[in-house]
Each structure stands twice: as C-alpha cells, then as structure tokens.
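Chain residues, written in single-letter form:
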Amino acid sequence: MLLSLFLSERFRAYSGHKDEKNAFVSFIAKASTVGILLGVAVLIVALSVINGFEQQLVHRLLSVVPQVEYVAPSRPIANWAEKVERLQHQPHVTGAAPFIAVNGMAQFKSQLKAVEIRGVEPSYEGNVSAINQFTQGTLVSQLRTNDVILGQQIVKQLGANIGDTITLLIPKISEQGKSLLAPKRVTLTLAGIIEMGGPIDSTAAFIHLKKAQSVLGYDNSQVTGLRLSVDDVFEAHQIALRVGQTISDYVYVSSWFRTQGSLYQDIQMVRTIVYIVVFLIIAVASFNIVSSLVMEVREKQGNIAILKTMGAKDSTILATFVMQGLTQAFVGVLLGTLVGVVLALNISELFTWVSHLFDANPLEGVYFIEFLPSKLVLSDIGITVIVTFILAVLATIYPAWQATRVDPAKVLGN
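Residue numbers run consecutively from 1 along every chain, following the written order of its sequence. Thresholds applied to this predicted model are a pLDDT of at least 70 for local features of residues and 80 or more for the giving and counting of side-chain atom pairs; totals over whole chains, interfaces and linings are not thresholded and use all residues. Side-chain descriptors were evaluated using all non-hydrogen atoms of the structure, hydrogens and water having been removed beforehand.

As recorded by an unreviewed UniProt entry, the protein chain carries the name Lipoprotein-releasing ABC transporter permease subunit and is attributed to Pseudoalteromonas undina.

In structure tokens form, the structure reads like this:
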C-alpha cells in the first residue's frame, strides 16, 4: 500500500512537470478536481438554503398561521370557553384559542384595502400564535376593545400611522342568509403593526373578540372557529382529525397542510431536484477522472512495464492508479467542502449586502420571508462527501484495471 502511495505521488508529480509533453492529461485531471469542488460547494450551499427555508417555515410561518382550525360553516360555535378548555387537555395539543374570522375592508381617508379580519381573545391568542414577536406598538396580547392591529403592507397602502383612526367595513348577511346587506362600519384606533414579511403583512387585521362578537350580533359565548397549536406540526392533520372527534359541533377541519402545504411540498421538491442535478454534475466531474487516468495509463505504459518486470504485483499497479484518482477527488471534496461551508454560513449576509448594493430584493413580497435563510446540517455534508467518493472510486476502477493488463513483453519489445 505504501509503495502504491509512493508511485501515485511520483506519477502525479511527473504529470504536472512543465516539460511534460502531454500536458492535456494534467489539464483534464485538474478540470475534474475543479468540477468536483464546484459541485460539492454548490450542493452544500443549496441544501443549507433549503434547510433554512424549511426551518423558517416551521419556526416563523407555522408559529403564526393556524396549525389546526375547526371552522363552523353555518351557525357559530357556542360555549367556546368550555370547548377550548377541553381541547387544551387533548394529547399532542399545546394550546387552543377561539376566533371569529371574516373578510372585510380597511379604510383610511379615501384609501381602501381588502383584509382578513380576525377577532381574537388576547389572553388566549399567545397560546397558539407567536404573532407578538412580529408586532410593533400594541401587541395582540394587549388588544383593547377599540384597537386594531394591521399588517405593514396594509398600513403602507392606506398611508396610516399608529394612533390614526381606521374604519373597518364588515359585511352583514340577512337572517335568511340569501342576501348581502350594507356593510357595517366600525371605527377603531390603529394600535399596532405586524412586520413579518410575506402575505400576512398584506392581509392580516386583528381586533378584539368582543368587538367582533358585537358587530356580528353574537353573544359572548359564540365564535366562528377554534384554533389549536400542536407539538409536531408535521403530524398536524392526523392530530386535527383525531381531536376534532371531541367537538360536538358541525365544523370543517383544517390544518396548515391545506393553506401552506403546497409551499412545504415545493421545498421538498426543490431539495430532490437539487440532489439529482448537482449529483449529476459531480458524477460528470468524477468520470472526467476516467479520461485523465486512461490517457495517463497509455502514457505511462513503459513505466508500468518496468515495474512489472521488477516484480510489482497487479494489485500494486491497481492501487497506484486508484489512489491517483482518489487524490484528485479528495482535493476537490476538501476544497469544495470548505468553500461550501464558508458560503453557507455567510449566505444570508451576502444576500443582504447584494440586495442593498442593487437596491432590490427578489424575495420581497413573494415568500413568507424577505431574506435568504441558511441552516448547515452535518448530515448533508456527510452524504455529499460519501457519495462523491463512491463516484470517484467507481471512476477509477476501469482505468486502474486497464493498467494491470499492460504486457511488459509487448511494451518493452517495441
């Protein structure tokens, strides 16, 4: 093994000599190393960004949007306090809260904006939502009866500021439920602004549950829905179906998979595509080793023949060229891993710097975040390194085997 390592080092040093006639062999070897370097670095960075989006989905978006909801389609849910108490004690449920949801319009002076009005009970909302973390001014948990909290994009479009008087237009339906009456106008004070990024900033409007009940003509025990938070968001749908059986009311069962599931599926699909595409790039770079080693074997047939006449075994020749190919792969993997890790750890800052430099953010208003997240996972690095080395080993077997078939009599006889 030591002899094979020594011979591999000597062959590699000789191939890189300035006076080497066949410098193209050295160029192909370096090109394969650079290809592996770029492939490994790109894969590590891409997977880190995908992991970052998944982490932000769980810890940011899913901490605010409803994880599980039970919505009454016709008549409201009565005795919500008793039902919330019962739901909170169900397995895998970490919190429950009542709400009243209705679509409406927000008006300030002559400006109008469509909003999703949500009446919440401040003392319960913190159990199911982390919206307070993204709110400036009065928090949702501090809502007063005549307050309203709006998303940043709504406030920007209306041209309002905290302390201004906002009018909400809430539609009313006739008692027969067949006709739409003139909307009811509710005057409230803008007390807080939600700055989360993404669609929530352009749709969310929070008011006190009692105010929503009085506007819609409900009594204090009636709501249109109940909301849950669960200990495992990826099991939310199964938990929703099981826990929903404890509710006697006729309700629609909904989980975040219905509202945000396509986003999660997109993240997983992109992860799969990245794996396939980048591993194909690494495979192409790895199999460039085949070309370089095949040409090197032909070039060094004389050296191989001399080694064989000196008693070198076929296993020694095979190991020599396998090590030469693996050395190229090792350099590419090592440098690619270092570059990928450095970029992955700093990609968020680089994205922010580039966005400020060009005064443009391609993520603004598109996704639920307006920055490029990154989460480096050691298992991703391990998988990348292992698969790359497997491909490199496969690439070296054929040319190394060809080296063992060199016939000293034919080569030295010529």
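Past the structure itself, the notes keep going.
Undergrad: Talk me through helix α3 (residues 80-88); I want residue IDs and the actual numbers.
TA: Taken together, the buried positions of α3 are occupied by Trp80, Lys83, Val84 and Leu87. All buried residues of α3 lie within an arc of 100 degrees about the axis, which places them on one face of the element. Residue contacts follow a heavy-atom distance rule, with two residues in contact if any of their heavy atoms lie within 4.5 Å. Only DSSP runs of H or I with at least four residues qualify as helices, and only runs of E with at least two residues qualify as strands; both kinds are numbered from the N terminus onward. Elements in contact with the buried residues of α3: β2 (93-108), α4 (122-125), α6 (209-216), β9 (225-230) and α7 (236-244). Think of it in three bands: with a 1.4 Å probe and only protein chains considered, a residue is buried below 20% of the maximum accessible area for its type, exposed above 50%, and partly exposed in between. As used here, the arc belongs to the directions running from the helix axis to the C-beta atoms.

Undergrad: Break down the pairing of strand β3 (residues 111-120) for me, citing the residues and quoting the values.
TA: We call two strands paired when DSSP finds no fewer than two bridges between them. Taken together, the ten bridges between β2 and β3 define a ladder with antiparallel strand orientation. Considered in β3, the bridge of Val102 is made with Ile117. Adjacent in sequence and paired antiparallel, β2 and β3 are bridged by two residues, among which Lys109 carries a positive phi angle near 60 degrees.

Undergrad: Go over the environment of Ala29 with me, naming the residues and quoting the values.
TA: Checked against the element boundaries, Ala29 lands in helix α2 (residues 23-61). Residue classification places Ala29 among the buried positions, given a relative accessible area of 13%. Between the C-alpha atoms of Ala29 and Glu296, which are 267 residues apart in sequence, the distance is 9.8 Å.

Undergrad: Give a detailed account of the nonpolar core, specifying residues and quantitative values.
TA: If you look at the biggest cluster of nonpolar residues, it comprises 101 residues, and the most contacted ones within it are Leu150, Ile166, Leu168 and Phe206. If sequence neighbours within four positions are ignored, Leu168 has contacts with Met105, Ala106, Ile117, Val148, Lys184, Arg185, Val186, Leu188 and Ile207. Throughout this description, the term nonpolar core refers to a set of buried Ala, Val, Leu, Ile, Met, Phe, Trp, Tyr and Cys residues connected via side-chain atoms within 4.5 Å.

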